[in-house]
Amino acid sequence: MEKILAINAGSSTLKWQLFEMPSERVIAKGMIDRLGLSDSVFTVKYGNQEKFKQVQDITTHEQAATLLLTRLKELNIVTHLDEITGVGHRVVAGGEAFKDSAVINPVGLDEINRLAEYAPLHNPTQAYYIKIFTALLPGVPEVAVFDTSFYSTLPAENYLYSIPQAYYEKYGARKYGAHGTSHRFVAHRAAEMLDQPLETQKMITLHLGSGASITAIQDGHAVDTSMGFTPLAGITMGTRSGDIDVSLVAFLAEKLGKTMPEMITILNHKSGLLGISELSPDMRDLEETADSRPQSQLALDIFVNRVVKYVGSYVALMNGVDTLVFTAGSGENGSELRATICEQLACFGVELDEDKNNVRSQERIISSDQSRVKVLIVPTNEELMIARDVMRLK
């Protein structure tokens, strides 16, 4: 039995789970929210439904990591820190340097920092946590699990842009994708639920949350994905525009008197469902107001439209589809959203079972017995995928 700590860090959050491996039992899990702000919130769930919550100012990443390890001991979740035999970290951008998860040494850490230009909001923070945990848990392997590595199998015709090749060769200008850890987990879990090898499936996974992406999987490998050089590309998202004509961006920048970085900020944080609805980036708010606000309904319609277009293109790319998998917040909880999407995919042989779609439960098959395409809901679990990779590589 080993205890593996999985770290999923953002700029102002630190999600974590402690697993007993290889049984994959969750010993404890928790989150630090509002990190760097006043009244940070530290929560832990452990043992027999026991919970711990503390509100205090947590101003630095060092303080957050130290507090996490301290609480593991104080709550008797571990007796000694040397019980932790591996730490895994989600890292967004691995570029072309990391085609798989990797045990990180100083050279690898420098490379993650170098790749920060591809994910400036994520890589520096995640690299810093690797450095911190290396110091706090000396001798314990630190494994980086890259969102982009799942897409190292994309063929060149799907990851290259139609721009001068020198830009790719000199600057790495290509599609890298994102949410790869989530797509990889739900794809493998869906294959287990169907009791069929992933390698035999033509599968499309739909990660529909505030950030949203769609991935085509064939012969057990990703062949295309909706996000691009950055997570801004692809379908409409909560606050991100998704695909847009770059000439329009230049046009608006001139009209608005904005710099290109300012325009990128607008496309990332003020667009998507929020920009269209002028109300909220949250699908639930839009559904509640759709009858009274045409803009809310329009935002929902555009979201579904973009999802259906991507799914349709991937069906054509793979010459068919066997399985659709919904995951993430809206994908897992939005029964009406799933029904609307699948209704527009009926021409491909998609047929939902209404009762199965509407029932409140966890992972399940929601397609009818007659449906040619199997449709599943699989809650994503990036932390478990991280722990598995630590065990595989340490």
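Just so it is clear, the structure is predicted and the values come from calculations on it, not from any experiment. (Residues numbered from 1 in each chain as written. Predicted model: local features only at pLDDT ≥ 70, side-chain atom pairs only at ≥ 80, totals over all residues. Heavy atoms only, no water.)

Observations regarding the pairing of strand β12 (residues 323-327)
Alright, step 1. Burial analysis of β12 places 5 of its 5 residues in the buried class, the great majority of the element.
Alright, step 2. Note: strand β9 (residues 202-208) against β12, 5 bridges, orientation parallel. Among the inter-strand pairings, Leu 206 is bridged to a residue of β12, identified as Phe 326.
Alright, step 3. With 4 bridges joining them, β12 and strand β14 (residues 374-377) adopt parallel strand pairing. Each bridged residue has a counterpart across the sheet, and for Phe 326 the counterpart in β14 is Ile 377. (Buried < 20%, exposed > 50% of the residue type's maximum accessible area, 1.4 Å probe, protein only. Helix = DSSP H or I, 4+ residues; strand = E, 2+ residues; numbered from the N terminus. Pairing = 2+ DSSP bridges.)

Observations concerning the layout of surface pockets
Alright, step 1. In this model, the second largest pocket occupies a volume close to 280 Å³.
Alright, step 2. Along the walls of the second largest pocket sit 17 residues, with Thr 236, Ser 241, Asp 243, Ile 244 and Arg 306 positioned nearest its centre.
Alright, step 3. Secondary-structure elements contributing two or more residues to the lining of the second largest pocket are α9 (272-277) and α11 (294-318).
Alright, step 4. Taken together, the residues of the lining of the second largest pocket break down into 6 nonpolar, 7 polar and 4 charged. (1 Å grid on protein atoms, 1.4 Å probe; cavity = no way out; pocket = protein on both sides within 12 Å on 5 of 7 lines; lining within 4 Å. Points joined across faces, edges and corners; volume = space filled by probe spheres on them. Nonpolar A, V, L, I, M, F, W, Y, C, P; charged D, E, K, R; others polar.)

Remarks on the sheet that holds β12
Alright, step 1. Read from one edge to the other, the open sheet built from 6 strands follows the order β11-β10-β9-β12-β14-β13, with strand pairing classed as mixed. Each edge of the open sheet is held by one strand with a lone partner, namely β11 (221-225) and β13 (364-365).
Alright, step 2. Helix α6 (residues 180-194) contacts β9, β10 (212-218), β12, β13 and β14 of the sheet and is inclined by roughly 130° relative to β9. (Contact = heavy atoms within 4.5 Å. Axes fitted to C-alpha atoms, helices over the stretch in contact; angles between N-to-C directions.)

Points about the nonpolar core
Alright, step 1. Ranked by internal contacts, the top residues of the largest apolar core, which has 38 residues, are Ile 204, Leu 208 and Leu 324.
Alright, step 2. At the level of elements, β9, β10, α10 (283-289), α11, β12, α13 (335-344) and β14 are the ones that each hand at least two residues to this core.
Alright, step 3. Setting aside its immediate chain neighbours within four residues, Ile 204 contacts Ile 214, Thr 215, Val 311, Tyr 314, Val 315, Met 318, Val 321, Thr 323, Leu 324 and Val 325.
Alright, step 4. In this structure, Leu 67, Leu 69, Leu 75 and Ile 77 belong to the second largest nonpolar core, which totals 30 residues. (Core = buried A, V, L, I, M, F, W, Y, C linked by side-chain atoms within 4.5 Å.)

A closer look at the environment of Leu 298
Alright, step 1. Relative to the helices and strands, Leu 298 resides in helix α11.
Alright, step 2. Here Leu 298 falls in the partly exposed class, since its relative accessible area comes to 43%.
Alright, step 3. Residues Leu 298 and Leu 286, spaced 12 residues apart in sequence, show a C-alpha to C-alpha distance of 9.4 Å.

Points about the packing of aromatic side chains
Between two aromatic rings, the relevant description is the distance of the centres plus the angle of the planes.
Alright, step 1. Tallying each qualifying case throughout the model produces 9 aromatic pairs.
Alright, step 2. Ring geometry for Phe 42 against Phe 52: centres 6.2 Å apart, planes inclined by 75°, an arrangement best described as edge-to-face. Taken together, the positions of Phe 42 in strand β4 (residues 40-46) and Phe 52 in strand β5 (residues 50-56) put the pair 10 residues apart, joining distant regions of the chain.
Alright, step 3. Both rings, one in Tyr 159 and one in Tyr 168, keep their centres 6.0 Å apart while their planes meet at 50°; by these two values the pair is tilted.
Alright, step 4. If you follow Arg 174 out to its NZ or CZ, it ends over the ring of Tyr 159, 3.7 Å from the centre. (Phe/Tyr/Trp six-rings, centres within 6.5 Å; stacked < 30°, edge-to-face > 60°. Lys NZ or Arg CZ within 6 Å of the ring centre and 35° of its normal.)

Comments concerning unusual backbone geometry
Alright, step 1. Going from Met 21 to Pro 22, the amide bond is cis rather than trans, its omega being 10°.
Alright, step 2. Mapped onto the elements, Pro 22 comes out in the loop between β2 (14-21) and β3 (25-33).
Alright, step 3. Phi angles above zero are rare outside glycine, and Arg 34 is one such case at about 60°.
Alright, step 4. Among the structural elements, Arg 34 can be located in the loop between β3 and β4.
Alright, step 5. For Arg 34, a relative accessible area of 35% corresponds to the partly exposed category.
Alright, step 6. Backbone geometry places Glu 278, a non-glycine residue, at a positive phi of 55°.
Alright, step 7. Assessed through its relative accessible area of 60%, Glu 278 is described here as exposed.

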